[in-house]
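# Notes for the structure review
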Amino acid sequence: MPDTTLPPRSTRPQRGPDLSEQAQDRTLIIACGALAREIGSVIGRNGLSHLSLRCLPATLHNTPEKIPEAVREAVRAARGNYGRVVVGYADCGTGGLLDKVCAEEGVERIPGPHCYAFYSGNKAFETAGDDDMTSFYLTDFLVRQFDTLVIKSLGLDRHPELRDMYFGNYEKVVYLAQTQNAELDRAAELAAEKLGLAYERRQVGLGDLEHFITEVN
Amino acid sequence: MADEDEDIVLSELDDAELVQQMHDDLYDGLKEEIEEAVNILLERGWAPYDILTQALVEGMRIVGIDFRDGILFVPEVLLSANAMKAGMFILRPLLVETGAPKVGKMVIGTVKGDIHDIGKNLVGMMMEGAGFEVIDLGINNPVENYLDALEEHKPEILGMSALLTTTMPYMKVVVDTMKEKGIRDDYIVMVGGAPLNEEFADAVGADAYCRDAAVTVEMAKELIARRHNQLGSSD
């Protein structure tokens, strides 16, 4: 029987196989599913035909400790087909572990701690600091998926009495809007109501995300 | 054959069955049932400390294991915690009266810029259940709050919590300030929070990274015992 024991995982960036010229010119963005629509729109609008997008499930955010290895696996799987791979994730609650994986795999990720930071612009987000401490952020994606990713995943559909344990220290919902969409505005306002919080809308667009994608070679 | 849906009358259970039922009720987050069962055991002459440890803490230990193993999730753990809190509310004044054993003292708080306290509250409750006196500083604590509390309460342990990647580095500010003031080694520093890890705890100069409330309790006991041994051997 063949020995199926795997050797210890090396931390050395893996060198990809020799690629065809065509493959060498292609870049894959491995991104969070929460950014799929937005990254896709940047690629389409700017005619960035050398970029491909592969998204991992947005639900990974419920277990951020699993994000780094999921990204590593996707990066390694892409090596044979793409000249370059970049990562469309912020730190996303991985506490620096995603950066470690990116360094080990020799890939770059979009800077910033969270998607709501790079949507706001990382500098602006940092400057706001404690002023926004009691804000619960929504993006277009989170407004669309609010009931699934917030209400259901926190169990508030089954146990609404837990609401204040989760959100009692927050004061307002801040909707960081990527687009102008009256339907999403209404849904975001309703989300704030469900959480018992005040509501504020900020039109931020794609912030630093657009620049990151358009600069990818 | 007994009807499985038949209501269980807690007062009709013997002590062992009742304690077992309390573990199940804690698991299911049944606050009122826990309150009722605590009162029944008190009426039967149980010592508050025994109810706390054998029924509540043991029940939450089981909840902690199933949370760690991915069988229970945060909402269920919060319901269990609520049920335990209700039981503790009845027992707390009685524990003070009866002079239950104290294992040590902990000052705990969420760091500056961070308002998240679910994990911290769970840790505080489990530590209290394990016999620690817990001084909870709440959320958004600048370094001064921690230092003042250390000075005032003289605990063995300082616990810091953070949920955000952007706020967790503040733990280093606290530890570095303690070093500057020459008091770092007077305390056991324990840190926790979703984005933290062992490596981060080492980097900020903490004594321990605590993955969850159950781990925190075990580690706190171990570190305090180790500390006592060190003090003993230096005599």
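Residues numbered from 1 in each chain as written. Chains lettered and ligands numbered in written order. Predicted model: local features only at pLDDT ≥ 70, side-chain atom pairs only at ≥ 80, totals over all residues.

### Considerations on the overall build of chain A
Scanning chain A from terminus to terminus reveals 11 helices and seven strands. Looking at the 217 residues of chain A, the share that counts as buried comes to 34%. The contacts of chain A with a sequence gap of at least 6 include a subset with a gap of at least 24, amounting to 71%. (Helix = DSSP H or I, 4+ residues; strand = E, 2+ residues; numbered from the N terminus. Buried ≥ 20, exposed ≤ 12 C-beta atoms within 10 Å, placed from the backbone. Contact = placed C-beta atoms within 7 Å.)

### Considerations on unusual backbone geometry
Although it is not a glycine, C92(A) sits at a positive phi angle of roughly 55°. Inspection of the secondary structure puts C92(A) in the loop between strand 3 (84-88) and helix 4 (97-105). Although it is not a glycine, K154(B) sits at a positive phi angle of roughly 45°. Note that K154(B) resides in the loop between helix 6 (143-153) and strand 3 (157-161). Under the C-beta neighbour-count criterion, K154(B) is labelled exposed, with 11 such atoms within 10 Å.

### Some thoughts on the packing of helix 6 of chain B against helix 7 (residues 170-180) of chain B
All names here are of chain B. For the pair helix 6 and helix 7, interaxial distance at closest approach is 9 Å and the crossing angle is 45°. Relative to helix 7, helix 6 is oriented oblique. Handedness of the crossing formed by helix 6 with helix 7: right-handed. Here V143, Y146 and L147 of helix 6 lie close against helix 7, whose contacting residues are V173, V174 and T177. Looking at the contact of helix 6 with helix 7 residue by residue, the class counts come to five nonpolar, one polar and no charged. (Axes fitted to C-alpha atoms, helices over the stretch in contact; angles between N-to-C directions. Parallel < 35°, antiparallel > 145°, perpendicular 65-115°, else oblique. Left-handed = near helix turned anticlockwise from the far one by under 90°. Nonpolar A, V, L, I, M, F, W, Y, C, P; charged D, E, K, R; others polar.)

### Focus: the domain arrangement of chain A
All names here are of chain A. Here chain A is partitioned into domain 1 (21-110) and domain 2 (116-203). Placing a centre on the C-alpha atoms of domain 1 and another on those of domain 2 gives a separation of 25 Å. At the junction of the two partners, domain 1 supplies five residues and domain 2 supplies five residues. The residue inventory of the side of domain 1 that touches domain 2, partitioned by class, reads three nonpolar, one polar and one charged. (Domains from an automatic or database assignment.)

### Looking at the environment of A220(B)
Residue placement: A220(B) occurs in helix 9 (residues 213-233). Between the C-alpha atom of A220(B) and that of Q20(B), which follows or precedes it by 200 residues, the distance is 27 Å.

### Observations concerning the environment of Y170(A)
Within the secondary structure, Y170(A) sits in the loop between helix 9 (163-167) and strand 6 (172-177). As a C-alpha pair, Y170(A) and Y119(A) span 51 residues in sequence and 20 Å in three-dimensional space.

### Here we look at the packing of helix 4 (residues 74-98) of chain B against helix 5 (residues 118-129) of chain B
Residues and elements named next belong to chain B. It is the contact of helix 4 with helix 5, at a shortest axis distance of 11 Å, that shows an interaxial angle of 40°. As summarised for this structure, helix 4 and helix 5 are arranged oblique, according to the angle between their axes. The handedness of the crossing between helix 4 and helix 5 is left-handed. The segment helix 4 lies against helix 5, with L78, A81, M84, K85 and M88 engaging I118, L122, M125, E128 and G129. Of the residues in the contact of helix 4 with helix 5, the class split is seven nonpolar, one polar and two charged.

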